[in-house]
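Residue strings, one per chain:
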Amino acid sequence: MDKIKIVGGTRLNGVIPISGAKNAALPLMIASLLTRETVTLANMPLLADVMLLERILGNHGVDYAIAGKRTGESVDAGRTVHLTAREIVDTTAPYDLVSRMRASFWVLAPLVARCGEARVSLPGGCAIGTRPVDLLLMALEKLGAKLDIENGYVVASAKNGLTGAEIDFPKVTVGGTHTALMAASLARGTTVLRNAAREPEVVDLADCLIKMGARIKGAGQSTIEIEGVGSLFGARHAVMPDRIEAGTYAMAVAMTGGDVLLAGARSDLLQAGLDALVQAGASITETNEGLRVTRNGAGISPVDVTTAPFPAFPTDLQAQFMALMTRAKGVSRITETIFENRFMHVQELARLGARIKLEGDTAIVTGADHLDGAPVMATDLRASVSLVIAALAARGETTINRVYHLDRGFERLEKKLRGCGAEIERITAAG
């Protein structure tokens, strides 16, 4: 397996282009199953999860084509892809594929909405907690799907189609909201979602579905209304910029010091994260090109954060912010309310000299004068990039193992950081 080697101590200066959002790209790709016509997605990131979903969709009969670069287009521009599900040839999503990426379970909704049946493997365990799918299934049952669990598979049927319904989510669920939006778009009648997720990725999916002919009102609010239509059409849509990638690099700049333009980043997508960074001592300015992040001179101040659904501080930036707080001048408290067991990076950060104590769902971080490089191991996507942030400021050399986690969600990470002066390289496994 590949490793990443980092020699810390260099300030970051330059430009980092922000890629299309992984958490938006995946449901947008899945939405292509809802129509016989071509869905064209621009600004697509090149990530391991995206490539795996290409395989899964191909298994169902989706033709996938990548458009070539155009004259004057930047080498950093995201890919443009065309997805055409003219005919669904297989309504089964097997365990060996679904178990490798939880979001692929969402194919259940468009398959049963369009074909009246689906057989999709349950996704299985997850490194950062159980992440149940019960609310996704509840939404489909409310819309009239008959569901059974057989040998680890969800077998869904709706021979006469789905019917609009009122769906009250007992807690905010991004996956449940994505699922309900896709299924309800082809259901007869009106569906009302209450306590819906307000994340920007939900709005991005709704915007694309509207371009495809869906009738959706209220995306981005806690109540969403969908009036079902008989069929959807092809459309062209640009994937939103990745707010988690932008927040991650902003925290890297805050950690190392320097001056970096995050090209294409938008403050409205992660204001809570940016507010925490400003409290920590970073300066953030919105420009026509993106967000400029600087930290010069003053040290890092301790800041308490609690993760919660959008628009609050995102769970997907918790590990990165904890890495930043390991060098703060004082004590900070980081509380995780979304996922249990999302503190696996704590032990690895401790190997670099971080002083962190866990009390239930709260990590108490006492800032250290310095961190020292050491071999560490990535445990999940966001935990792995927290180790990169810590290593960029550590004295000496850090080797990060199991970086395939990074490749799931960060496009060309080493190149982007190296372009701003970081001493970072990938060591490719022999053979």
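Residues numbered from 1 in each chain as written. Predicted model: local features only at pLDDT ≥ 70, side-chain atom pairs only at ≥ 80, totals over all residues. Heavy atoms only, no water.

### A short note on the overall build of the protein chain
When you go through the protein chain residue by residue, the secondary structure sums to 14 helices and 24 strands. By the compact-globule yardstick of 22 Å for 431 residues, the protein chain fits well, its C-alpha radius of gyration being 22 Å. Viewed in the frame of its principal axes, the protein chain has a C-alpha envelope of about 65 × 50 × 45 Å. The burial tally for the protein chain puts 57% of its 431 residues in the buried class. Nonlocal contacts in the protein chain, meaning residues at least 24 apart in sequence, comprise 75% of its contacts between residues at least 6 apart. As presented, the protein chain carries roughly 16,700 Å² of accessible surface, and 48% of it is formed by carbon and sulfur atoms. (Helix = DSSP H or I, 4+ residues; strand = E, 2+ residues; numbered from the N terminus. Rg over C-alpha atoms; globule rule 2.2 N^0.38 Å. Buried < 20%, exposed > 50% of the residue type's maximum accessible area, 1.4 Å probe, protein only. Contact = heavy atoms within 4.5 Å. Areas by Shrake-Rupley, 256 points an atom, 1.4 Å probe, with all protein chains shown as cover.)

### What to know about the pairing of strand E21 (residues 362-366)
Moving residue by residue along a regular strand, the side chains alternate between the two faces of the sheet. With 4 of its 5 residues buried, E21 lies for the most part within the structure. Across 5 bridges, the pairing between strand E19 (residues 331-335) and E21 is antiparallel. Paired with Ile-334 across the strands is Ala-363, a residue of E21. In this structure, strand E20 (residues 355-359) lies alongside E21, joined through 5 bridges in antiparallel fashion. Looking at the pairing, Ile-356 lines up with Val-365 of E21. Hairpin connection, E20 to E21: the antiparallel pair is bridged by 2 residues, and Gly-360 has positive phi, about 65 degrees. (Pairing = 2+ DSSP bridges.)

### Examining the pattern of salt bridges
Within the structure shown, the criterion is met by 18 salt bridges. Close ionic contact of Glu-54 with Arg-79 constitutes a salt bridge, the shortest N to O distance being 3.3 Å. Here the residue Glu-54 occupies a position in helix H2 (residues 48-60), and Arg-79 occupies one in strand E5 (residues 79-84), the gap between them amounting to 25 residues. Judged on exposure class, the residue Glu-54 and its partner Arg-79 are both buried. The residue Asp-268 makes a salt bridge to Arg-266 at a minimum N-O spacing of 2.8 Å. According to the relative accessible area criterion, Asp-268 is partly exposed, its value standing at 44%. Assessed through its relative accessible area of 36%, Arg-266 is described here as partly exposed. Connected through salt bridges with shared partners, the residues Asp-2, Asp-407, Glu-414 and Arg-426 form a single ionic network. (Salt bridge = Lys/Arg side-chain N within 4 Å of Asp/Glu carboxyl O.)

### Brief notes about the sheet that holds strand E7 (residues 117-121)
Strand order in the open sheet made by the 4 strands is E6-E7-E9-E8, with mixed pairing throughout. Pairing within the sheet leaves two strands with one partner each, and these edge strands are strand E6 (92-93) and strand E8 (146-150). Bridge analysis of E7 against strand E9 (residues 153-157) gives 5 bridges, and the strand direction is antiparallel. Looking at the pairing, Val-120 lines up with Val-154 of E9.

### Structural notes on the packing of aromatic side chains
Per the counting criterion, the structure on display carries 1 aromatic pair. For the pair Phe-313 and Phe-321, a centre-to-centre distance of 5.5 Å together with 65 degrees between the ring planes defines the contact as edge-to-face. Exposure remark for Phe-321: the relative accessible area of 0% places this residue in the buried category. Over the aromatic face of Tyr-153 sits the side chain of Arg-119, whose NZ or CZ is 4.0 Å from the ring centroid. (Phe/Tyr/Trp six-rings, centres within 6.5 Å; stacked < 30°, edge-to-face > 60°. Lys NZ or Arg CZ within 6 Å of the ring centre and 35° of its normal.)

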